[in-house]
Amino acid sequence: MKKITILGSTGSIGTQTLDVIRKNPEDFEVVALTAGSNVQRMAEQIKEFHPRYAVMKDAETAEELRKIVKDSDCKVLGGMESFIEAATLPELNVVVAAMVGMIGLRPVIEAVKAGKDIALANKETLVTAGHIIIPLAKEYHVNILPVDSEHSAIFQCLNGEKRGQVETIYLTASGGPFRGKTREDLKNVTVEQALAHPNWAMGAKITTDSATMINKGLEIIEAKWLFGVELSQIHVLIQPQSIIHSMVGFQDGAVMAQFGTPDMRLPIQYALYYPDRVFLDGERLDFEKITEIHFEKPNTDVLRGIPLAVEASEIGGSMPTVMNAANEYAVAGFLHKDIDFLQIYDMIEYAMKYHSKIEHPNLDEILAVEQETYQRLKKDWRTA
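Residues numbered from 1 in each chain as written. Predicted model: local features only at pLDDT ≥ 70, side-chain atom pairs only at ≥ 80, totals over all residues. Heavy atoms only, no water.

1. Examining the pattern of salt bridges
Reasoning step 1: A complete count under the given rule lists 26 salt bridges for this structure.
Reasoning step 2: Notably, a salt bridge pairs glutamate 63 with arginine 66, separated by 2.6 Å at the nearest N-O pair. You can see glutamate 63 and its partner arginine 66 sitting in helix H3 (residues 59–68), three residues apart, about one turn around the helix.
Reasoning step 3: A relative accessible area of 33% means that glutamate 63 is categorised as partly exposed.
Reasoning step 4: A salt bridge links lysine 205 to glutamate 124; the shortest N-O distance between them is 3.7 Å. One end of the pair, lysine 205, is in helix H9 (residues 204–212); the other, glutamate 124, is in helix H6 (residues 123–139), with 81 residues separating them in the sequence. (Salt bridge = Lys/Arg side-chain N within 4 Å of Asp/Glu carboxyl O. Helix = DSSP H or I, 4+ residues; strand = E, 2+ residues; numbered from the N terminus. Buried < 20%, exposed > 50% of the residue type's maximum accessible area, 1.4 Å probe, protein only.)

2. As for helix H11 (residues 265–273)
Along an α-helix, a turn takes 3.6 residues, which lines up residues three or four apart on a common side.
Reasoning step 1: A large share of H11 lies buried, amounting to eight of its nine residues.
Reasoning step 2: Along H11, the residues that are buried comprise Arg265, Pro267, Ile268, Gln269, Tyr270, Ala271, Leu272 and Tyr273.

3. Some words on helix H12 (residues 305–315)
Reasoning step 1: Of the positions making up H12, those classed as buried are Gly305, Ile306, Leu308, Ala309, Ala312 and Ser313. End-on view of H12: buried residues confined to an arc of 170 degrees, all on one side of the axis.
Reasoning step 2: The secondary structure elements touched by the buried residues of H12 are H9, helix H10 (214–227), strand S9 (234–238), helix H13 (319–335) and helix H14 (343–353).
Reasoning step 3: Note on H12: the residue one or two positions beyond its end, glycine 316, has a positive phi of about 75 degrees. (Arc of directions from axis to C-beta. Contact = heavy atoms within 4.5 Å.)

4. Some words on the packing of helix H2 (residues 39–49) against H3
The angle between the axes and the distance between the axes are what describe a pair of packed helices.
Reasoning step 1: It is at 10 Å that the axes of H2 and H3 come closest, and there the two elements cross at 45 degrees. Looking at the two axes, H2 sits oblique to H3. Regarding H2 and H3, the two cross each other, and that crossing is right-handed. Residues Val39, Gln40, Met42, Ala43 and Ile46 of H2 form the contact with H3, whose participating residues are Thr61, Glu64, Leu65 and Ile68.
Reasoning step 2: Its residues placed into classes, the contact of H2 with H3 shows six nonpolar, two polar and one charged. (Axes fitted to C-alpha atoms, helices over the stretch in contact; angles between N-to-C directions. Parallel < 35°, antiparallel > 145°, perpendicular 65-115°, else oblique. Left-handed = near helix turned anticlockwise from the far one by under 90°. Nonpolar A, V, L, I, M, F, W, Y, C, P; charged D, E, K, R; others polar.)

5. Focus on the nonpolar core
Reasoning step 1: Residues Leu65, Ile118 and Phe341 are the most contacted members of the largest nonpolar core, which totals 124 residues.
Reasoning step 2: Tallying contributions element by element places H6 first for this core, with eight residues. (Core = buried A, V, L, I, M, F, W, Y, C linked by side-chain atoms within 4.5 Å.)

What follows is the structure, given as structure tokens:
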């Protein structure tokens, strides 16, 4: 039986991870759950899964939860040190990193140092600190198991293959809700339109990132670190049906692809059971009904998330942190209807333009750059 901590249990990936565990109770024990401020959902999860620890973002939300679950044996804690404690418990086998944002960095790094395998759904971990995480994982003999559907697909295609024989990674994308739109079309789009993803059910921040294609840019940086390839070896293809989740081309001309329905439980379950596969209920592909599989080149002149992320990665050092932090800040502003959709790109460009790169940032410097980026945008962007 695998013992698991879920960092970010109340979000989209966290709740789907618990659904996998719910269907396989004999294989998993939930030791600890962590969340931000969704006290009610956490209380429901405690009641169902009986974790020994539950951690909220701060003392106030922890106290609120404590009152609701006072009859439970669950120990309720709050704050970053408790997140780290939950990620490094001696009995753990796997830590599911499903927290949104850079709040997951410290717990994941400490979990790696504690020798815990990481089922990784938190993009920011590798985007901002891949130069720290990947060497640490090798040093501590830890598996980084991708939960993102595209990276899981690549990981599956590479299973049993030699990484040095990879020629090209084809990272697929649905294109999001604004595929085929012009810049003029996007001037007045609403939050509701941005959140209407055609294929996937995800949280608001990730769905917005999919609409801007920043999500795919972040995935390019992740793939570079996860699979040890150059940026020039990673190509994004729009595959609107979300049937092919990604592909790998090898130096002999062979291309391997992972097909499947758009169900996030598949990559989650694959990571939790790796290297084994077990039954997963749900819809199966009916190949007799698939009359064609369509590919497109992404329109990066309109949806500029990919070139912005690639530029940040090429500059390197602390610039991916700036790009990521600026995107987080801008997306929050868009979701609160404080800025327009296209201004997300403008804010990212502004933050990157005025940042002085740190060549090899440590964790404290990464977190400081994040805060500096927020402050620069809050103070100066409107007047620029």
